[in-house]
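Survey of secondary and tertiary structure
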Amino acid sequence: MRWIKGLILAIILLVVLLVGILFAVNNQQTIGLNLIWVELPPVSLSVWLLASLAVGVIVGMLAMLGVYTRLKAGLVREKRHNKQQQKELDRLRTQELKELA
């Protein structure tokens, strides 16, 4: 089952790579980008679009980093609380056994 998942992932990555190559080949027009403060040199349209995709992915990951960190900290806190509750439960069980004896 694990190798099927790897095979499917490899096929998907290969298809994405081929679509990216076709996209780059079909978009060779050079475009200069003016960002108000700076004028970027003319580069092909596919480079600008792929660069904007990469920047968007990085910004999205950075934006989710705070949420991920908060959720991870909450999980650690709940695991610690669960462990304390389990110790208390075990202590109460042994206490009741001692009282019955």
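Here, every reference points to the structure presented above.
Heads up: these notes are all about the structure in this document.

Quick notes on the rules
Residues numbered from 1 in each chain as written. Predicted model: local features only at pLDDT ≥ 70, side-chain atom pairs only at ≥ 80, totals over all residues. Heavy atoms only, no water. Salt bridge = Lys/Arg side-chain N within 4 Å of Asp/Glu carboxyl O. Helix = DSSP H or I, 4+ residues; strand = E, 2+ residues; numbered from the N terminus. Buried < 20%, exposed > 50% of the residue type's maximum accessible area, 1.4 Å probe, protein only. Expected span 1.5 Å × (residues − 1). Bend = angle between axes of the 7 residues up to and from the residue. Contact = heavy atoms within 4.5 Å. Pairing = 2+ DSSP bridges.

1. Quick word on the pattern of salt bridges
- The final tally for this structure, using the stated rule, is two salt bridges.
- The closest approach of N and O atoms between E88 and R91, which form a salt bridge, is 2.5 Å. With E88 and R91 both in helix α2 (residues 45-100) and three residues apart, this pair spans about one turn of that helix.
- Given a relative accessible area of 35%, E88 falls into the partly exposed group.
- The partner of D90 in a salt bridge is R93, and the shortest N-O contact between them spans 3.9 Å. Linking D90 with R93, this pair stays in helix α2, spanning three residues, or about one helical turn.

2. Here's the deal with α2
- An ideal rise of 1.5 Å per residue puts 82 Å on 56 residues; α2 measures up with 80 Å between its terminal C-alpha atoms.
- Of all the bends in α2, the largest measures some 30° and sits at L65.
- Tucked inside the fold, the buried residues of α2 contact α1 (2-26), β1 (30-34) and β2 (39-44).

3. Remarks on the pairing of β1
- Here β1 runs beside β2; their pairing, made up of four bridges, is antiparallel. Note that in β2 the partner of T30 across the bridge is S44.
- What sits between the antiparallel neighbours β1 and β2 is a turn of four residues, in which I36 has the positive phi angle 65°.

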